[in-house]
Amino acid sequence: MPAIKVQDLNYKYHDGTVALDNVSFEIEKGESVALIGPNGAGKSTLLLHLNGILHSVTSRESIRILDESVDPKKIHEMPKKIGIVFQNADDMLFMPLLGDDVAFGPINLGLDKEEVQRRVKDALEMVGLAGYENRVPHHLSGGEKRRAALATVLSMESEILAMDEPTANLDPKSRRELIGILRKLKEKGKTLLIITHDVNAIPELAERVIVLNKTVIADGPTRDIFSNTEMLVEIGLDVPVITQLFEILQCFGYPCDVLPLSIGGAVTNLTETMEGGDGHVHLHIHKHTHSGISSARNKYHDHAEKHE
Amino acid sequence: MPAIKVQDLNYKYHDGTVALDNVSFEIEKGESVALIGPNGAGKSTLLLHLNGILHSVTSRESIRILDESVDPKKIHEMPKKIGIVFQNADDMLFMPLLGDDVAFGPINLGLDKEEVQRRVKDALEMVGLAGYENRVPHHLSGGEKRRAALATVLSMESEILAMDEPTANLDPKSRRELIGILRKLKEKGKTLLIITHDVNAIPELAERVIVLNKTVIADGPTRDIFSNTEMLVEIGLDVPVITQLFEILQCFGYPCDVLPLSIGGAVTNLTETMEGGDGHVHLHIHKHTHSGISSARNKYHDHAEKHE
Amino acid sequence: MVHISDGILATWLWGSGWVITAAILAYTLKKMKIDDIPKLSVITAAVFVASLIHFQVGPTSVHMVLSGFAGVTLGILAYPCIFIALVMQTFLFQHGGVTTIGINTVNMGVPALISFLIFKAGMKLNIGISKNEMFFGAIAGGIAVALAVLLLAVELLITGEELTEVTTFVVFAHIPVILVEAIFTGVIAGFLAIVKPEMLSIKK
Amino acid sequence: MISEIDIYAGLSSPIHRWDPRLKVISILTLIFSIMLLYDLKLVIASMLFAIILVYISRIPFSFIAGRLKWVFLFVLPFLIILPFTVIGEGVEIAHIGSITLNFRGIESVEFAVMIVIKALTSVMLIFPMIGTSRMDVTIKALEDLHLPNKLVQMLAFTYRYIFVLSDEFMLMERSLTSRGFKRRSNLYTIITLSKAIATLFVMSFEQAERVFYAMRSKGYKGKVTTMHEFTLRPQDWFNAVVVCGFAIFIHVAVLYGTLEGI
Ligand SMILES: Nc1ncnc2c1ncn2[C@@H]1O[C@H](COP(=O)(O)OP(=O)(O)OP(=O)(O)O)[C@@H](O)[C@H]1O
Ligand SMILES: Nc1ncnc2c1ncn2[C@@H]1O[C@H](COP(=O)(O)OP(=O)(O)OP(=O)(O)O)[C@@H](O)[C@H]1O
Ligand SMILES: [Mg+2]
Ligand SMILES: [Mg+2]
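Bear in mind the structure is a predicted one, so any value in this text is a computation, not a measurement.

Draft legend 1. Geometry of the overall build of chain D. Broken down by element type, chain D carries 9 helices and 3 strands. Listed by position from the N terminus, the elements making up chain D come as α-α-α-α-β-β-β-α-α-α-α-α. Within chain D, the proportion of its 262 residues that are buried is 54%. Put simply, 75% of the contacts in chain D that link residues at least 6 apart link residues at least 24 apart.

Draft legend 2. View of the packing of aromatic side chains. Within the structure shown, the criterion is met by 21 aromatic pairs over all chains. Between the aromatic rings of D:F49 and D:F246, the centroid separation amounts to 4.0 Å while the plane-to-plane angle is 0 degrees, which identifies the pairing as stacked. Of the two residues, D:F49 is situated in helix α3 (residues 40-57) and D:F246 in helix α9 (residues 234-261); the sequence distance between them amounts to 197 residues. Using a relative accessible area of 16% as the deciding quantity, one classes D:F49 as buried. One aromatic cluster is present, built from ring pairs that chain together A:F94, A:F104, D:F157, D:F212 and D:Y220. The ring of D:Y38 is capped by D:K118, whose NZ or CZ atom sits 3.7 Å from the centre of that ring.

Draft legend 3. Fine view of the coordination of the magnesium ion (ligand 4). Residue and element names in this part refer to chain B. With distances of 2.0 to 2.4 Å, the protein atoms coordinating the magnesium ion (ligand 4) are S44 (OG) and Q87 (OE1). In this pair, S44 is assigned in helix α1 (residues 43-50) and Q87 in the loop between β6 (82-85) and α3 (98-108), connecting sequence segments 43 residues apart. Its relative accessible area of 26% is what places S44 among the partly exposed residues. By relative accessible area, which is 33% here, Q87 ends up partly exposed.

Draft legend 4. Representation of the site of ligand 2 in the model. Residues and elements named next belong to chain B. Around ligand 2, 16 residues are found, and the nearest of them are G40, G42, K43, S44 and T45. In this structure, an oxygen atom belonging to ligand 2 sits 3.1 Å away from a main-chain N or O atom of A41. Here S44 contributes a side-chain N or O atom positioned 2.7 Å from an oxygen atom of ligand 2. If one sorts the elements of the shell around ligand 2 by residue count, α1 sits on top with 3 residues. Classifying every residue of the shell around ligand 2 gives 4 nonpolar, 8 polar and 4 charged.

Draft legend 5. The layout of surface pockets, seen in detail. There is about 610 Å³ of room inside the second largest pocket. Around the second largest pocket sit 30 residues that line it, and C:V87, C:F91, D:L28, D:L142 and D:L147 are the ones nearest its centre. Among the secondary structure elements, those contributing two or more residues to the lining of the second largest pocket are α1 (11-31) and α4 (78-93) of chain C together with α2 (20-35), α5 (106-130), α6 (135-144) and α7 (149-177) of chain D. Among the residues forming the lining of the second largest pocket, the class breakdown is 27 nonpolar, 3 polar and no charged.

Draft legend 6. Seen up close, the sheet that holds strand β10 (residues 215-221) of chain A. All names here are of chain A. With mixed pairing, 6 strands are arranged side by side in an open sheet as β6-β7-β8-β3-β9-β10. Pairing within the sheet leaves two strands with one partner each, and these edge strands are β6 (82-85) and β10. Strand-to-strand twist of the sheet, defined as the mean angle between neighbouring strand axes without regard to direction, takes the value 15 degrees. Where strand β7 (residues 160-164) lies against strand β8 (residues 191-195), 5 bridges are found, and the strand directions are parallel. Bridged to D164 within β8 is I195. Sitting on the sheet, helix α6 (residues 172-187) is in contact with β3 (32-36), β7 and β8, with an inclination near 150 degrees to β8.

Draft legend 7. Spatial organisation of α6(D). Counting buried positions along α6(D) gives 9 out of 10 residues, so the element sits mostly inside the fold. All of the buried residues in α6(D) are D:M135, D:D136, D:V137, D:T138, D:I139, D:K140, D:A141, D:L142 and D:E143. Buried positions along α6(D) lie against α3 (98-108) of chain A, α4 of chain C together with α2, α5 and α7 of chain D. With its phi angle positive at about 65 degrees, D:H146 sits one or two positions after the end of α6(D).

Draft legend 8. Quick peek at the domain arrangement of chain A. We note that the domain assignment places domain 1 (2-222) and domain 2 (241-306) within chain A. Inter-centroid distance (C-alpha atoms) of domain 1 of chain A to domain 2 of chain A is 35 Å.

Draft legend 9. Up close: the sheet that holds strand β1 (residues 2-12) of chain B. All names here are of chain B. The strand order β2-β1-β4-β5 describes an open sheet built from 4 strands, whose pairing is antiparallel. Looking along the sheet, the strands with just one partner apiece sit at the ends: β2 (18-28) and β5 (68-69). Bridge analysis of β1 against β2 gives 7 bridges, and the strand direction is antiparallel. Along β2, the bridge assignment pairs I4 with I27.

Draft legend 10. Quick look at the interface of chain A and chain D. Listed by partner, the interface residues are 33 residues for chain A and 20 residues for chain D. When chain A packs against chain D, the two sides together hide about 2400 Å² of surface, and 61% of this comes from carbon and sulfur. Of all residues in chain A, A:D91, A:F94 and A:N108 give up the largest surface area on contact with chain D, accounting jointly for 24% of the area buried on that side. Scanning the region where chain A abuts chain D turns up 2 salt bridges. Between A:D91 and D:R210 there is a salt bridge, with the nearest N and O atoms lying 2.6 Å from each other. If you look at where chain A meets chain D, you find 5 residue pairs in polar contact (both at pLDDT 80 or more). Elements with a contribution of two residues or more to the side of chain A that touches chain D: α3 and α4 (113-126) of chain A. Ranked by residue count, the leading element in the side of chain A that touches chain D is α3(A), at 8 residues. When grouped by side-chain class, the residues that make up the side of chain A that touches chain D number 19 nonpolar, 9 polar and 5 charged.

Draft legend 11. Main features of the environment of C:L150. Turning to its location among the elements, C:L150 is positioned in helix α6 (residues 132-159). Separated by 21 residues in sequence, C:L150 and C:V171 have C-alpha atoms that sit 7.7 Å apart.

Draft legend 12. Structural view of the packing of helix α5 (residues 142-154) of chain A against α6(A). All names here are of chain A. Close contact between α5 and α6 brings their axes to 10 Å; oriented N to C, the two are set at 15 degrees. Taken together, the axes of α5 and α6 are roughly parallel relative to one another. In this structure, the crossing between α5 and α6 has a hand that is right-handed. For the pair α5 and α6, contact is made by G143, R147, L150 and L154 and by S174, E177, L178, I181, L182 and L185, respectively.

Draft legend 13. Focus on the site of ligand 1. Residues and elements named next belong to chain A. Taken together, 16 residues surround ligand 1, and among them N39, G40, K43, S44 and T45 come closest. In this structure, K43 approaches ligand 1 through a side-chain N or O atom, which is 2.8 Å from an oxygen atom. The contact in question runs from an oxygen atom of ligand 1 to an N or O atom on the side chain of Q87, over 3.1 Å. Alone, ligand 1 offers 640 Å² of accessible surface; in the complex the protein occludes 74% of this. No other element matches helix α1 (residues 43-49), which puts 3 residues into the shell around ligand 1. Across the shell around ligand 1, the residue classes tally to 4 nonpolar, 8 polar and 4 charged.

Cut-offs applied
Residue positions are given per chain, counted from 1 along the sequence in the order it is written. Chain labels run from A onward and ligand labels from 1 onward, assigned in the order the entries are written. This being a predicted model, a pLDDT of at least 70 is required before a residue's local features are given, and a value of 80 or more before pairs of side-chain atoms are given or counted; all residues contribute to the totals for chains, interfaces and linings. Hydrogens and water molecules were not included; the side-chain quantities draw on all heavy atoms of the structure. Comment: elements are numbered from the N terminus, with helices defined as DSSP H or I runs of at least four residues and strands as E runs of at least two. When accessible area is computed with a 1.4 Å probe and restricted to protein chains, residues below 20% of their type maximum are described as buried, those above 50% as exposed, and intermediate ones as partly exposed. Every residue pair with non-hydrogen atoms within 4.5 Å of one another is taken to be in contact. By convention, a stacked pair of Phe, Tyr or Trp rings (six-membered ring in the case of Trp) has centres within 6.5 Å and planes under 30 degrees apart, an edge-to-face pair has planes over 60 apart, and any other such pair is tilted. The criterion is that NZ of a Lys, or CZ of an Arg, lies within 6 Å of the ring centre and within 35 degrees of the ring normal, and then a charge sits over that ring. A 2.8 Å cut-off from the metal defines N, O and S donors, relaxed to 3.2 Å for Na, K and Ca; water is not in the atom list, so some sites may appear incomplete. Here a residue is considered near a molecule or strand provided that any single heavy atom belonging to it is located within 4 Å of it. Any pair of N or O atoms that falls within 3.5 Å is considered a polar contact. Within protein, one atom must be able to donate a hydrogen and the other to accept it, and sequence-neighbouring residues count only if both atoms are side-chain atoms. Gly falls in the polar group here, along with every residue not listed as nonpolar (Ala, Val, Leu, Ile, Met, Phe, Trp, Tyr, Cys, Pro) or charged (Asp, Glu, Lys, Arg). Using only the protein atoms, space was sampled on a 1 Å grid; points where a 1.4 Å probe fits but cannot get out form cavities, open sets with protein on both sides within 12 Å along at least five of seven lines form pockets, and lining residues are those with an atom within 4 Å of a point. Grid points are joined across faces, edges and corners, and a volume is the space filled by probe spheres set on the points. Paired strands are those between which DSSP finds at least two bridges. Lines fitted to the C-alpha atoms define the axes, with helices restricted to the stretch that makes contact. Angles between their N-to-C directions range from 0 to 180 degrees. Residue ranges for the domains trace back to a domain assignment, done automatically or taken from a database. Take the accessible area each of two parts loses on contact, using a 1.4 Å probe, and add the two losses: that sum is the buried area. Here, a salt bridge means any Lys or Arg side-chain nitrogen found within 4 Å of an Asp or Glu carboxyl oxygen. Roughly parallel covers angles under 35 degrees, roughly antiparallel covers those over 145, roughly perpendicular covers 65 to 115, and oblique covers all other angles. Should the near helix be turned anticlockwise from the far one by less than a right angle, the crossing is termed left-handed; should it be turned clockwise, right-handed. Residue burial considers only the protein chains on display, and all accessible areas are found by Shrake-Rupley using a 1.4 Å probe.

Next comes the structure, spelled out in structure tokens:
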């Protein structure tokens, strides 16, 4: 049974902007999937369809969540199945105290008081904000707000979690902590759908990537998507920096078929390559090195950096 | 004559939050400087002091722009000297048409009609939005909005430009284009102060980095700052991914004293190293390789990625 | 100034204010859908905040009213909007009075409804100028305040002849407000027509 | 720009502990009752009663005094103009050029004073009524009192947006000034501000929509949700009896006074 099934979804805004055009994909239970696409590709619009907040006459039959269609009249019953973290944390924090905000979902689910309190405590602990119940959400720092917004959704303990650019605007440490939280959720078996522009984070978060640009352009394992650089570059996306560097190392004669996507992958790749090559690797400049490098670099950078 | 001189600047918000604590630095004309620091470090607060929008009794003597002190009563005269691009582009676009928005600053400067039109045209061209005069700013995409916001400040042709996270929320292509625009400004000799969390962009934009965390923690050439990883990690910042990877390559015996910071730097570094080593480099696993790698990686990643 | 404080008007006057307001509220609330709430609340908050923008006129200060703006953007829902804005102004900011909320809502809300009708009629008329919304927005904005002041004046005079001088003063103090509101509502209506037509009460 | 009315909701006093539902109803009754009163002595007595309530609630008088300013501005013209008249009956007291100023007599002064005291008293009572509970709790109490649900929701949302809007307004002014704008009294200023405010509305409207979406996606179906639960204790009823008792008492006193007069 797929967790999310979208079939021929279309959506047009009032002013005639076509945001989604025949979008179709399926996500199985327990999968974690990254959704990428340029600005204005319709990613946020798609997310808002998943629990029926945005809808059109045809969307009702186009979307099935945990094998049930989405009824826009019953949006308030959706949180049991799917929890959505919005692009902007400020939109999600609207109560006077953080505790109330995190309790908001569970109370609406009709849970009893003890259960609500347990969930508030658990959710805040999960995101590293234990003891923040009585803080005013408005006064938290940017990074704290984003984690708080996640907690308000975690407390509903939905089967599926969908989030919109969870790492944007975070400083490197907060970003790393957030990635850690998402990895924990993944290990717990939650189904995750993560919208992001942060290509360097994807290899750590998702085993599968869907590329959206009004319609689904590509859909496959993370590694396959990132090896299709032509397609990515054409719609304005990047591959992780590490992958770009290994393409350059290849020009220096580094032997590797499958480019690594993250630092972790790079370490594994280096180690395995050397172990497979008697513990050695030779890098050298050959006659195609320079042309190879410039074509590899031009692919990504129109305004390539000339100096360091 | 320094373009910006800040001496013992302090600032406390109404609710008692200390945002700036004895901040001092100087920026020469024509320099381009990155300002980094964790969330809540006071970066945006500092920016708003530079043209007197935020001020306190003591701040008046603490700040000199182009060798004149900042008079909070004459904020409207500051744009001649310093233009500020806010963290949120939406806060900068509030006229019905983009043309009006870009003309807003020059009109307030009291320029005549032809000059205003020339500047509007130039500014829009510079950011790649030529011909967008009659577009509604509100309907632009995220990336276009950010460039539009920059144009509204460029049209004032201020000597100094200060901007708050110009690349946040952009898709990779828009981000690269924006970096290109900033590099052009730098080449034109503008003084730039750029707040950012995007460490991978800094090597291309700034030759000097100031690290702020309520007070100035470090201030120096980009390379020196990024080689002081202990300090950066301690306050929650990162070094560029490329630098991290070259630290790992060092563990495999790659000979380099100065770690590169960007892909461009990496190419130069690889080429030079090989040319200096008879066109060859050997990478191999030695007895300290594994321990070296894990210590290099632990430095940055508390929640290190276990799988690819 | 257009909100009357407690204790001034004759009891039967503020009493009937409540009756009229309750009737119109009951009707408009029935017409209101749950998805209207965000739009309504933002404009209500705007009407509230606008009342904090003061400017000096002679010995007293007057402030923006925005009832015409509410009419132009909300249509008949301008009535609950103004009701809530006045409740908030009374309880959060101590503008106006508790017992006079009913009559104050009549004073501002009925002109808002009328300005909505004028705006709607103007849009149908389509006199062929390109800035139709701006023109009729301005008229609606000005008339909403003028009518509100008129209602207030009549009520003060009904309450007692001894209030004649106060009434004259109130009327004159509001002339600049009428002008500013007319410009303001015109600009906003013109802007919304380009940027966000769905925020206007009429469909193109 | 706007300070919240409930900043003293965290204090502790008998009024803070009073059940918000009974509190709102009782004090509203009192306010209406005072407004129906036309007897200067009893109006003054009511004001004293209001002052006592404020005192018990421990909300600082300085806070209230700052807020009374607006009412006072409204009633000030009545106090100044009402006792005098330019033409018509009264005792002539001054000539200014061709204008003759007449004094209407002591009744007019009394009437003006009564207006002012009533207006001030009603405002003063607002503080113990809603300044002693957090706003969201008060709103939940209104819901419990069966106020129409749509009104309750509008109250809750509007309350939130007041602060959002005034913050945004400040940000916008900042951005205008940083590009050389200065408020003057001319048409350019009015038009520029109007345009900017229009944009502000659109942005706030879209944000309101997103927040509403967020609430819906967390299961919101129109009911106020806080962890606060109301319970009625004997003390709550006692307070209600005291306050409503006073509201009735002043009218009984008027009735007696009138009978005596006959
Ligand atoms: N309320 C709206 N009215 C009209 N058009 C809209 C609205 N919201 C979004 N759009 C348009 O719909 C398209 C898709 O927008 P959406 O927000 O889904 O993009 P996105 O993929 O999330 O982009 P980003 O990466 O910038 O967040 C864009 O062209 C956008 O301009
Ligand atoms: N209006 C305000 N009132 C009270 N405190 C504030 C206000 N604005 C900011 N602060 C606080 O001041 C500190 C500095 O804030 P600032 O916005 O300057 O940080 P920043 O370095 O720009 O962070 P970020 O990277 O998240 O943008 C933070 O602790 C913040 O919570
Ligand atoms: Mg989006
Ligand atoms: Mg900031």
